[in-house]
Amino acid sequence: MTDLLSVRGLDVRYGKTLAAESVAFGFPAGSVFALLGANGAGKSSILKAIAGLVEAQGEVVFDGRDVSRLSARERVGLGIVYVPEGREIVTDLTVEENLALGGYFLDSRTLAARRSQMLDLFPEIAQRAKSPAWMLSGGEQQMLAIGRALMSSPRLLLLDEPSLGLAPLLIRRVFERLMRIKEESGLSILLVEQSFRMTLRVADAVCFVRNGQILGTRKASDLDTSTSLAEVLEAYLGGGAPAAVPA
Ligand SMILES: Nc1ncnc2c1ncn2[C@@H]1O[C@H](COP(=O)(O)OP(=O)(O)O)[C@@H](O)[C@H]1O
Ligand SMILES: [Mg+2]
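(A) Structural context of the site of ligand 1. By nearness alone, every residue bordering ligand 1 is listed as Tyr 14, Thr 17, Ala 19, Gly 37, Asn 39, Gly 40, Ala 41, Gly 42, Lys 43, Ser 44 and Ser 45. Going through the elements one at a time, strand S2 (17–27) and helix H1 (43–51) are the ones with two or more residues in the shell around ligand 1. In terms of residue class, the shell around ligand 1 is built from 3 nonpolar, 7 polar and 1 charged.

Written out as structure tokens, the structure is:
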């Protein structure tokens, strides 16, 4: 079977900074694929390049089609939706209005149906549907950001550090919902994380990113034993500063 997403020779540059270099990986439809790496490793740059939000060299093939020359908007149209790190919901708008933004191109009936699906999925925010989004907690804002992205029924969700700044219990809740959606709709997820253990729990495969480069891809099930985990941590940290120890 061909991969749903396949990336080859991807370079992302900001002036003289090479944030991603010759990045290559791929994964089949219906999977959760994770990029793990420390702060500054280049994870967000890789996601944004796939979404078409930063300029990049190289090949991004989605569902058999080279999308690397398409605009961000065109990629959204094909079902590639990016959820930014730090959430970026519109805090002055209500929860409902934020959801509507994610489905602005839907007819009103479909919009209403999707919105109520999202509120079913995230009952925490359903209670606040008419409240401005700034009233939500960090975890609820993350749920809203994901709910907004799901309004367009994406095929591939690019999820940038959903656990950033969240308590472990909330992270678990967010991931539980995502896994439910994945089971129900066959959604594929490309997840970027620094949090190691949560990622292993949800991902089918994991690849490690350091200094803009992919260190290698492993099946999550191969990382279950403590020996291989230690091996990977060694490769992952590779003499890096203790501050880079993944949670
Ligand atoms: N807009 C930007 N302009 C200049 N440099 C950037 C920009 N965004 C990221 N970088 C640099 O690119 C590198 C990778 O950053 P990023 O992709 O955000 O890493 P991560 O998401 O893994 O923390 C870092 O050195 C960062 O400082
Ligand atoms: Mg980042």
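Now that the structure has been shown, we can carry on.
(B) Looking closely at the sheet that holds strand S5 (residues 65–66). Ordered in space as S2-S1-S4-S5, the 4 strands form an open sheet in which the pairing is antiparallel. Lying at the two open borders of the sheet, with one neighbouring strand each, are S2 and S5. Looking at chain direction, strand S1 (residues 5–14) and S2 are connected through 7 bridges and run antiparallel. The partner of Arg 13 across the bridge, within S2, is Leu 18.

(C) Region of the structure containing the environment of Ser 152. As for its position among the elements, Ser 152 is in the loop between helix H6 (138–150) and strand S7 (156–160). Judged by C-beta crowding, with 17 C-beta atoms within 10 Å, Ser 152 ranks as partly exposed. For the pair Ser 152 and Gly 79, spaced 73 residues apart in sequence, the C-alpha to C-alpha distance is 7.7 Å.

Cut-off values and rules
- Residues numbered from 1 in each chain as written.
- Chains lettered and ligands numbered in written order.
- Predicted model: local features only at pLDDT ≥ 70, side-chain atom pairs only at ≥ 80, totals over all residues.
- Near = placed C-beta within 6 Å.
- Helix = DSSP H or I, 4+ residues; strand = E, 2+ residues; numbered from the N terminus.
- Nonpolar A, V, L, I, M, F, W, Y, C, P; charged D, E, K, R; others polar.
- Pairing = 2+ DSSP bridges.
- Buried ≥ 20, exposed ≤ 12 C-beta atoms within 10 Å, placed from the backbone.

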